[in-house]
Amino acid sequence: MVEKSNLTEKFSSAIEKLWKSYQKDTAQNLKLIDAYLVFILFSGIFQFMYCVLVGTFPYNAFLAGFTSCVGSFVLAVNLRIQTNPENSNEFKGISPERAFADFVICNILLHFFVVNFIG
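Residues numbered from 1 in each chain as written. Predicted model: local features only at pLDDT ≥ 70, side-chain atom pairs only at ≥ 80, totals over all residues. Heavy atoms only, no water.

Peer 1: Whenever I open this one, the overall build of the protein confuses me. Can you help?
Peer 2: Check the secondary structure of the protein and you find four helices and zero strands. Along the protein, helices and strands appear, N-terminal first, in the series α-α-α-α. For the protein, whose C-alpha radius of gyration is 19 Å, the value lies well above the compact-globule estimate of 14 Å for 119 residues. Expressed along its principal axes, the backbone C-alpha trace of the protein runs to roughly 55 × 45 × 20 Å. Long-range contacts, defined here as pairs at least 24 residues apart, represent 68% of the contacts in the protein between residues at least 6 apart. Total accessible area on the protein is roughly 9100 Å²; 69% of this is exposed by carbon and sulfur atoms. Across the protein, the centroid of the 9 positively charged side chains sits 3 Å from that of the 9 negatively charged ones. (Helix = DSSP H or I, 4+ residues; strand = E, 2+ residues; numbered from the N terminus. Rg over C-alpha atoms; globule rule 2.2 N^0.38 Å. Contact = heavy atoms within 4.5 Å. Areas by Shrake-Rupley, 256 points an atom, 1.4 Å probe, with all protein chains shown as cover. Lys, Arg positive; Asp, Glu negative; His and termini not counted. Charge placed at Lys NZ, Arg CZ, Asp CG, Glu CD.)

Peer 1: Explain the side chain of Asn107 to me, please; I cannot follow it from the model alone.
Peer 2: Along the chain, Asn107 falls in helix α4 (residues 96-118). Note on Asn107: relative accessible area 11%, which makes it buried. When residues no more than four places from it in sequence are discounted, the contact partners of Asn107 are Ser72 and Leu75. (Buried < 20%, exposed > 50% of the residue type's maximum accessible area, 1.4 Å probe, protein only.)

Peer 1: What's the story with the layout of surface pockets in this structure? I'm lost.
Peer 2: Where empty space is left can be seen by rolling a probe of water-molecule size over the atoms. Estimates place the volume of the largest pocket at around 190 Å³. Listing elements by their share of the lining of the largest pocket, those giving two or more residues are α2 (28-54), α3 (59-83) and α4. No other element matches α2, which puts four residues into the lining of the largest pocket. For the lining of the largest pocket, a count of residues per class yields seven nonpolar, two polar and no charged. (1 Å grid on protein atoms, 1.4 Å probe; cavity = no way out; pocket = protein on both sides within 12 Å on 5 of 7 lines; lining within 4 Å. Points joined across faces, edges and corners; volume = space filled by probe spheres on them. Nonpolar A, V, L, I, M, F, W, Y, C, P; charged D, E, K, R; others polar.)

Peer 1: Which parts of the structure should I look at to understand the packing of α2 against α3?
Peer 2: Between two packed helices, the angle of one axis relative to the other and the distance separating the axes together describe the packing. Contact geometry for α2 and α3: axes closest at 9 Å, N-to-C directions at 160°. With respect to each other, α2 and α3 are oriented roughly antiparallel. Classified by chirality, the crossing of α3 by α2 is left-handed. When α2 is examined against α3, the residues Leu30, Ile33, Asp34, Tyr36, Leu37, Ile40, Leu41, Ser43, Gly44, Gln47, Phe48 and Cys51 are found in contact with a partner set consisting of Phe62, Gly65, Phe66, Cys69, Ser72, Phe73, Ala76, Val77, Leu79, Arg80 and Thr83. Its residues assigned to classes, the contact of α2 with α3 shows 15 nonpolar, six polar and two charged. (Axes fitted to C-alpha atoms, helices over the stretch in contact; angles between N-to-C directions. Parallel < 35°, antiparallel > 145°, perpendicular 65-115°, else oblique. Left-handed = near helix turned anticlockwise from the far one by under 90°.)

Peer 1: Explain the nonpolar core to me, please; I cannot follow it from the model alone.
Peer 2: The tendency in soluble globular proteins is for nonpolar side chains to be buried as a group. Counting eleven residues, the largest nonpolar core is built from Leu30, Ile33, Leu37, Ala64, Leu75, Ala76, Leu79, Ala99, Phe103, Leu110 and Val114. Setting aside residues up to four positions removed in sequence, Ala64 forms contacts with Val114, Phe117 and Ile118. (Core = buried A, V, L, I, M, F, W, Y, C linked by side-chain atoms within 4.5 Å.)

Encoded structure:
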């Protein structure tokens, strides 16, 4: 039992240190993108759980909604990577404004296909 409590203490200490570091070192715009990522992640999880528990009667609607969540998550991760100041060496020709414009245009295109897939 002593080992489990010690392991739990170390784990909670590591999580607390990670959270404090995240709060101190992460830029505000990246925190906003992270909040959007968490929202999209939970939205996809809820859709999948609904499909498992209730059923897949309008299957195209489930696929379109889940595809929208996955696609939006991928596009937001790309936005976060491109706007992170630590990655500025890899994306020299891409300003944060251009990255956001790419994100918006790709989201419009993604949701155009999602709406068309619903039928």
